[in-house]
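Coordinates in review
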Amino acid sequence: MLDKIDMEKEVNPADYNERMAHLEIRLGELQRKCRELGIPIMIIFEGFEASGKGTMINKMIQPLDPRGFRVYTMEKETQEDKMHPYFWRYSIKSPAKGRIHIFDRSWYQGLEKGTVTPEDVRQFERQFTDDGMVVIKFFLAITKKEQKKRLEALEGDSATRWRVRKEDWQKNKEYDKYLEKYDAMLIQTDTSNAPWTVVEAMEKKYAICKIMTTAVNRLEAAVLEAKTEKTEKPPLEAECSDDLQNGVLQRIDLSRSLEPETYKKKKKNLQKRLKILHNKMYLQRVPVVLAFEGWDAGGKGGAIKRITQCIDPRGYEVVPVSAPNDIEKAHHYLWRFWEKFPKDGHLTIFDRTWYGRVLVERVEGFAAEEEWKRAYSEINNMEAHLVKSGTIVLKFWLHIDKDEQERRFRQRQEIPEKQWKITGEDWRNREKWEAYEKAVDEMVIRTSTKEAPWFIIEANSKLYARIKILEIVVEALERVLK
């Protein structure tokens with residue numbers, strides 16, 4: 001790809017001024033239209049060292065309203081970045097609806113270093129574009145001779161000398177090797193949803209004209225698509241056959257229980273082991289995610305309490321998840337969870353999770369069918385990335401039957417200190433028990449992976465459920481924390 005492009009392209013100065021006058025006005029208009037239509041935009045700049053990424057970004061943002069965009073310089077990883085999964089620092093900086101976020105270097109650094117694979121990158125970008133984000137990618141190309149000339153000019157000026165590093169000169173020396181590496185990167189990650197634009201950056205006026213034209217064209221297409229009245233789509237074909245319905249949960253034996261004395265003895269032993277393991281987690285810098293889902297009144301809070309009451313509060317966080325607020329709704333639905341994932345050595349417990357997309361949002365109609373159906377693969381990809389980055393991910397579904405739920409609901413109504421736990425919405429959700437059961441069955445089947453398995457907990461007996469969860473957590477940590 002790169003060895004075929006014409007590096008000598010230029011633009012006539014008179015044509016440049018005329019084109020830029022039009023492009024600047026149009027880009028400003030499109031920014032406003034994208035804000036009105038709630039279209040998020042992510043623009044990334046990659047390329048050879050000294051190819052002019054900073055200059056191009058500065059020229060591109062001049063006609064934009066500064067209140068509607070933000071520029072991130074991502075070349076250096078902070079210590080905090082290094083303590084999280086690789087995509088964390090990019091995910092939390094993804095734009096809300098109607099905003100533009102511009103990245104000077106991006107997740108492609110990980111591809112260059114071998115931290116992530118081309119498939120990881122394609123999946124990462126796909127989750128955003130499927131959700132309506134416009135992803136524009138520019139690669140700035142210059143020759144080896146031009147790169148050397150620019151590095152010498154930067155180094156010869158006391159004001160810019162600091163920008164030239166030893167590795168920049170080393171990359172110039174190994175230009176052909178990096179040309180081949182960048183070429184493979186572009187070919188492997190050039191997709192219809194997030195295509196690359198290679199910019200011949202030898203002549204700066206030509207480069208900015210191409211960048212501005214590409215950005216305007218992409219945004220015009222996005223605005224047109226958003227404004228076009230959607231034709232009625234045929235319903236998606238059902239992807240789950242009858243054997244996926246009411247299969248997983250109905251096989252669970254809810255008669256299992258535990259005597260109080262046995263419970264106390266087991267709990268004491270398991271909590272003692274967990275306390276030791278929590279310290280080892282910190283020392284060995286192993287992050288852990290515990291995800292709790294289950295029926296209302298299934299016992300999630302009680303199970304979480306038995307985990308946390310024996311460990312250092314400085315080393316864990318419990319995240320209660322409710323309906324997303326306005327800021328969270330303006331982002332991709334996984335954004336609010338990426339913000340909460342633990343750094344190395346810490347534990348995060350989620351009371352309700354990202355699975356709301358395929359449970360509550362599916363059953364209640366808050367997510368369109370195409371949205372919750374694609375969420376299975378998006379969630380699997382996210383969890384696989386967490387595990388690949390060293391995180392232990394354990395997911396629990398606390399299962400009770402409908403009669404036991406009713407008994408607990410009535411108990412909550414009768415005990416003053418528990419009345420806050422029961423709402424009219426809880427009773428309404430019971431009317432959709434079968435729909436939720438079907439959704440849970442499909443969720444478990446589609447997202448119980450080797451990397452992040454589901455554990456179905458028989459929770460009619462709270463004592464039995466708490467011990468089983470403690471045992472699973474302790475055994476999982478002991479396997480990893482040698």
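Read on for an overview of the structure. A quick note: this is a predicted structure, and the numbers were derived from the prediction, not measured.

So, on to the overall build of the protein chain. When you go through the protein chain residue by residue, the secondary structure sums to 20 helices and ten strands. Judged by the C-alpha coordinates and their principal axes, the protein chain covers about 85 × 55 × 40 Å. Counting the 482 residues in the protein chain, one finds 52% classified as buried. Excluding contacts between residues fewer than 6 apart, the proportion of contacts in the protein chain whose partners are at least 24 apart in sequence is 81%. On the protein chain, roughly 24000 Å² of surface is accessible, and the fraction owed to carbon and sulfur atoms is 49%. Mean positive and mean negative side-chain charge positions of the protein chain (87 and 81 charges, respectively) differ by 5 Å.

A few words on the side chain of T348. By the secondary structure assignment, T348 is in strand β8 (residues 347–351). Using a relative accessible area of 3% as the deciding quantity, one classes T348 as buried. Sequence-distant contacts of T348, that is, excluding residues within four places in its chain, are made with V288, V289, L290, E317, V319, K340, F341 and P342.

Another aspect to go through is the nonpolar core. Ranked by size, the top nonpolar core spans 140 residues in total, and within it F45, W107, L290, F292, W354 and F396 carry the most contacts. In terms of residues, this core owes the most to one element, helix α10 (residues 204–227), which gives eleven residues. Residues in contact with W107, not counting those within four places in the same chain, are M42, I44, Y86, F87, Y90, V116, V121, F124 and E125.

If you walk through the whole model with that rule in mind, you get 44 salt bridges. For D168, the salt bridge identified is with R165, shortest N-O distance 2.7 Å. For D168, a relative accessible area of 3% gives the class buried. Given the relative accessible area of 27%, R165 is considered partly exposed. When the shortest N-O distance is used, the salt bridge between K373 and E369 registers 3.2 Å. Taken together, the residues K373 and E369, both in helix α16 (residues 369–388) and four residues apart, mark about one turn of the helix. Salt bridges sharing partners connect three or more residues here, namely E46, E49, E75, R105, E112, R165, E167, D168 and K171.

Right, let's get into the packing of aromatic side chains. Here the structure, examined in full by the defined rule, presents 31 aromatic pairs. On the basis of an interplanar angle of 15° and a centroid distance of 4.8 Å, the ring pair of F48 and Y175 is categorised as stacked. Here the residue F48 occupies a position in the loop between β1 (41–47) and α2 (53–61), and Y175 occupies one in helix α9 (residues 175–188), the gap between them amounting to 127 residues. Here the aromatic rings of F409 and W427 are separated by 5.1 Å at their centres, their planes lie at 70°, and the arrangement is edge-to-face. Of this pair, F409 sits in helix α17 (residues 402–414) while W427 sits in helix α18 (residues 424–430), and the two are 18 residues apart along the sequence. For F409, a relative accessible area of 0% puts it in the buried group. Lying across the ring of Y282, R285 places its NZ or CZ 4.4 Å from the centre. Sitting over the face of the ring of W372, R362 holds its NZ or CZ atom 4.0 Å from the ring centroid.

Let's shift gears to the sheet that holds strand β2 (residues 69–73). Strand order in the open sheet formed by five strands is β2-β3-β1-β4-β5, with parallel pairing between adjacent strands. Lying at the two open borders of the sheet, with one neighbouring strand each, are β2 and β5 (196–200). The mean angle between the axes of side-by-side strands here comes to 20°, regardless of whether they run parallel or antiparallel. Sheet topology note: the β2/strand β3 (residues 100–104) ladder contains five bridges and is parallel. Bridge pairing in β3 places F69 opposite I100.

Conventions we followed
Residues numbered from 1 in each chain as written. Predicted model: local features only at pLDDT ≥ 70, side-chain atom pairs only at ≥ 80, totals over all residues. Heavy atoms only, no water. Helix = DSSP H or I, 4+ residues; strand = E, 2+ residues; numbered from the N terminus. Buried < 20%, exposed > 50% of the residue type's maximum accessible area, 1.4 Å probe, protein only. Contact = heavy atoms within 4.5 Å. Areas by Shrake-Rupley, 256 points an atom, 1.4 Å probe, with all protein chains shown as cover. Lys, Arg positive; Asp, Glu negative; His and termini not counted. Charge placed at Lys NZ, Arg CZ, Asp CG, Glu CD. Core = buried A, V, L, I, M, F, W, Y, C linked by side-chain atoms within 4.5 Å. Salt bridge = Lys/Arg side-chain N within 4 Å of Asp/Glu carboxyl O. Phe/Tyr/Trp six-rings, centres within 6.5 Å; stacked < 30°, edge-to-face > 60°. Lys NZ or Arg CZ within 6 Å of the ring centre and 35° of its normal. Pairing = 2+ DSSP bridges. Axes fitted to C-alpha atoms, helices over the stretch in contact; angles between N-to-C directions.

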